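Observations on chain architecture
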Amino acid sequence: MTNVSEDYLDQLANDPLGPVALHLKQKLLPVEGEGGVIFPPTYADIGYNIDTLSDGTKVATIDSVGSQANRLEPLFKTPPYSGLIPQIEVDYGSGKVSILEVGHRLGDALVRSSTLQKEAQDAFKELLASGNAQKLAKLAPTSLVFGVWDSRDTQAKIPRLVQSVIRAWGVEVLTRSAQYNPPIDYSALEVFSEEDKAKQEGDPKSPLAKRGFVHVPSGSALGGIVCRNGIEQDVTINLVALRRLQAGSDEETKTLRRYLLGLALVVATAPMDGFLRQGCLLVPVPDSDAKWQIVGRDGKRSTIAMAHDFATDYAVAKAAEFVVGESRLGDKAVKFSKDLAKTDAASGDKKVSAGAKAGKGGKGKKPGAGDGASEDVAEEA
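Residues numbered from 1 in each chain as written. Predicted model: local features only at pLDDT ≥ 70, side-chain atom pairs only at ≥ 80, totals over all residues. Heavy atoms only, no water.

Among all positions in helix α1 (residues 6-14), only Leu 9, Asp 10, Leu 12, Ala 13 and Asn 14 are buried. As for α1, its buried residues are in contact with β2 (21-30), α9 (239-243), α10 (250-269), β17 (292-295) and α11 (308-322). (Buried < 20%, exposed > 50% of the residue type's maximum accessible area, 1.4 Å probe, protein only. Helix = DSSP H or I, 4+ residues; strand = E, 2+ residues; numbered from the N terminus. Contact = heavy atoms within 4.5 Å.)

Now the structure itself:
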């Protein structure tokens with residue numbers, strides 16, 4: 001096992017012929033133990049996302065890449081990590097929201113609808129024009145760590161440095177049924193007639209059933225899954241993508257990459273918050289020998305010691321060298337602009353209309369096709 005040092009990580013960040021990635025495969029268990037039932041996310045139209053491989057193995061997505069990114073990013077709002085990045089809030093009048101909590105990061109509609117809009121646009125344009133990511137890193141470094149696609153404006157697209165996904169293998173789907181029984185007979189109290197009760201009882205879509213006044217059965221709903229071949233989390237830090245990022249000079253480029261590597265290591269090694277949704281609380285398998293591995297260009301792997309405390313110390317040192325961008329909190333929060341939001345929304349209507357016209361003759365893209373909705377969106381719990 002290789003014991004990493006600050007110099008070793010500095011080299012990883014900038015060596016053009018260095019290893020391609022850091023990777024961790026971690027086995028997980030439900031808190032109920034082996035064979036416990038867990039609930040994956042449900043998606044519109046399909047329910048659980050379960051793929052069947054050619055050998056018949058069924059693989060379920062327990063937490064997607066986008067969902068994991070959205071869970072990991074807010075770590076940087078809390079001490080001792082909050083000083084590693086600029087903290088920026090958008091004041092929308094009745095409240096404030098951190099840009100660490102917006103799904104599309106610096107490319108989000110909320111950013112475009114605020115006084116941060118021009119700075120964000122300039123940072124994206126500079127990246128497109130010269131490959132210089134310095135402004136982006138000063139403004140919103142997590143957009144570089146977790147990736148961003150400014151699909152509604154400049155079209156700048158930045159691959160994520162940290163990728164995490166949780167899958168379950170060899171799954172079997174369960175169903176569940178339920179029965180709601182009202183505590184009293186409301187028809188007997190003349191809240192409604194016996195005839196209305198007879199018509200609507202048992203129909204979950206009836207008005208009385210929706211309000212909880214009559215008996216309602218519920219059958220064959222999704223009831224979670226059992227995982228026969230285990231649950232695994234894969235975490236990857238993409239060193240090739242890191243080394244493609246540039247700054248103004250060679251020295252600034254090295255400093256930028258080291259800073260971003262520090263952020264990536266902090267979030268990738270942080271203890272897992274395994275409460276993904278109701279019915280899905282996961283923990284690492286004890287003594288599973290989960291170790292970080294460094295993957296060489298020839299595919300060879302070697303185990304390295306990568307403790308979270310060391311990663312945090314490294315990130316703190318590199319953040320000081322980089323000089324973290326300005327925070328904008330409280331009275332300094334950026335302002336939401338209704339006018340900018342209206343203009344942006346109207347431009348979207350025009351694009352959809354233009355796309356519809358282009359599609360009439362069978363040419364051009366379909367309305368909305370390829371307009372770049374980020375995959376980092378909330379999943380149904």
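Phe 76, Ile 237, Leu 260 and Leu 261 are the most contacted members of the largest nonpolar core, which totals 67 residues. Ignoring any residue separated from it by four or fewer positions in sequence, one finds Leu 260 in contact with Pro 141, Leu 144, Val 145, Leu 161, Leu 242 and Leu 245. Counting residues in each nonpolar core, the second largest holds 15 residues, with Ala 60, Val 171, Cys 227 and Ile 231 among its members. (Core = buried A, V, L, I, M, F, W, Y, C linked by side-chain atoms within 4.5 Å.)

All right, on to the side chain of Arg 258 then. As for its position among the elements, Arg 258 is in helix α10. Taking the relative accessible area as the measure of exposure, Arg 258 reaches 18% and is therefore buried. When neighbours within four sequence positions are excluded, Arg 258 is seen to be in contact with Asp 10, Ala 13, Asn 14, Glu 251, Tyr 314 and Lys 318.

Before going further, it helps to spend a moment on empty space enclosed by the protein. Picture a little ball the size of a water molecule; that probe, rolled over the atoms, points out where space is still empty. Scanning the model with the defined rule gives three cavities of 30 Å³ or more in all. By volume, the largest cavity amounts to about 50 Å³. For the lining of the largest cavity, the leading source of residues is β2, giving three residues. By residue class, the composition of the lining of the largest cavity is five nonpolar, four polar and one charged. (1 Å grid on protein atoms, 1.4 Å probe; cavity = no way out; pocket = protein on both sides within 12 Å on 5 of 7 lines; lining within 4 Å. Points joined across faces, edges and corners; volume = space filled by probe spheres on them. Nonpolar A, V, L, I, M, F, W, Y, C, P; charged D, E, K, R; others polar.)

The next subject is the layout of surface pockets. The calculated volume of the largest pocket comes to roughly 600 Å³. Lining the largest pocket we find 26 residues, and of these Ala 268, Thr 269, Ala 270, Pro 271 and Met 272 sit closest to its centre.

What the three strands build is an open sheet, ordered β8-β7-β19; its pairing is mixed. The open sheet is flanked by β8 (96-98) and β19 (334-335), the only strands paired with a single partner. As paired elements, strand β7 (residues 89-91) and β19 share two bridges and run parallel to each other. Bridging from a neighbouring strand, Asp 91 pairs with Lys 335 of β19. (Pairing = 2+ DSSP bridges.)

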